[in-house]
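Descriptive analysis of the structure
Residues per chain, in single letters:
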Amino acid sequence: CGRARERSRNREAYKEEMYEGSLAGGVLVLVEALTDNPRRTAPKVRHLFKEGGGALGAAGSAAWAFQRRGLLRVQGISSDNEALIEAALEAGAQDVEEDSAAHLEADDGPCAAVFCEPNELAAVRATLSA
């Protein structure tokens, strides 16, 4: 009974797993999964890669091509966005670029993409929304 209780307690603890692989055409993919049972999740992810014409790879096989970054899209900026750039950089942003893809989706005029470290995302968002 004690071992069964312990197993059920451990099942409630979720674990983050990272899977890496490639799809048809050499497209590299990272999959972040939250699971209570990695032994069940890995075969399912492997199956999805196989369905996409790819293969699940070993650790490090795709991660080298990615960089973890935070992204905020700011809509309705003026053509002179020096104030936005200055405020974003002071709040911890790494880069500010014109975002033409978001501009096509929005009717609010020009848009900007603000890049930062993921742990700085909330601070940058708070500064820009003020």
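What you are looking at is a predicted structure, and each value in this text was computed from that prediction instead of being measured. (Residues numbered from 1 in each chain as written. Predicted model: local features only at pLDDT ≥ 70, side-chain atom pairs only at ≥ 80, totals over all residues. Heavy atoms only, no water.)

**Section: the overall build of the protein chain**
Quick note on the threshold: Helix and strand assignments follow DSSP, with helices taken as H or I runs no shorter than four residues and strands as E runs no shorter than two, numbered in order from the N terminus. Burial status follows relative accessibility: with a 1.4 Å probe on protein chains alone, a residue under 20% of its type maximum counts as buried, one over 50% as exposed, and anything between as partly exposed. Contacts are assigned to residue pairs that have any heavy atoms within 4.5 Å of one another. Every accessible area reported is derived by Shrake-Rupley at a probe size of 1.4 Å, with residue values counting cover from the shown protein chains alone.
Looking only at helices and strands, one finds 5 helices and 6 strands in the protein chain. Ordered by position from N to C terminus, the α and β elements of the protein chain give α-β-β-α-β-β-α-β-α-β-α. Classification of the 130 residues of the protein chain by burial places 24% in the buried group. When contacts within the protein chain are restricted to residue pairs at least 6 apart in sequence, those whose partners lie at least 24 apart make up 55%. In the form shown here, the protein chain has an accessible surface area of approximately 9,200 Å², with 50% of it arising from carbon and sulfur atoms.

**A word on the pairing of strand β1 (residues 15-22)**
The cut-off we apply is this: DSSP bridges decide pairing: two strands pair if at least two such bridges lie between them.
Strand direction decides the pairing type here: β1 and strand β2 (residues 28-35), joined by 8 bridges, are antiparallel. Bridged to Glu 17 within β2 is Ala 33. Relative to strand β3 (residues 55-57), β1 is paired through 3 bridges, and the arrangement is antiparallel. Note on β3: the bridge partner recorded for Glu 20 is Gly 57.

**Considerations on the sheet that holds strand β4 (residues 70-75)**
Using the following cut-off: For helices, the fitted line uses only the C-alpha atoms of the stretch in contact; every axis is such a line through C-alpha atoms, and the angle between N-to-C directions lies from 0 to 180 degrees.
If you trace the 3 strands from one edge of the open sheet to the other, you get β4-β6-β5, paired in antiparallel fashion. The two strands at the open ends of the sheet, each matched to only one other strand, are β4 and β5 (93-98). Going across the sheet, the axis of each strand differs from the next one's by a mean of 20 degrees, ignoring polarity. Two strands pair when backbone bridges link them, and β5 and strand β6 (residues 111-116) are joined in this way by 5 bridges, in the antiparallel orientation.

**Quick word on the pattern of salt bridges**
Rules: Salt bridge, as used here: a side-chain nitrogen of Lys or Arg that lies within 4 Å of a carboxyl oxygen of Asp or Glu.
Tallying each qualifying case throughout the model produces 3 salt bridges. When the shortest N-O distance is used, the salt bridge between Lys 15 and Glu 17 registers 3.3 Å. Residues Arg 68 and Glu 32 are paired through a salt bridge, measuring 2.3 Å at the closest nitrogen-oxygen approach. Of the two residues, Arg 68 sits in the loop between β3 and β4 while Glu 32 sits in strand β2, which places them 36 residues apart along the sequence. Across the pair, exposure class does not vary: Arg 68 and Glu 32 are exposed alike.

**As for the packing of helix α3 (residues 82-91) against helix α5 (residues 121-129)**
Operational definition: Helix crossings fall into two classes, left-handed where the near helix is turned counterclockwise from the far one by less than a right angle and right-handed where it is turned clockwise. For this scheme, ten residues count as nonpolar: Ala, Val, Leu, Ile, Met, Phe, Trp, Tyr, Cys and Pro. Four count as charged, namely Asp, Glu, Lys and Arg, and the remainder, Gly too, count as polar.
α5 packs onto α3 with a crossing angle of 145 degrees between their chain directions and a minimal axis gap of 9 Å. The handedness of the crossing between α3 and α5 comes out as right-handed. Across the interface between the two elements, Leu 84, Ala 87, Ala 88 and Ala 91 from α3 touch Ala 123, Val 124, Thr 127 and Leu 128 from α5. Among the residues forming the contact of α3 with α5, the class breakdown is 7 nonpolar, 1 polar and no charged.

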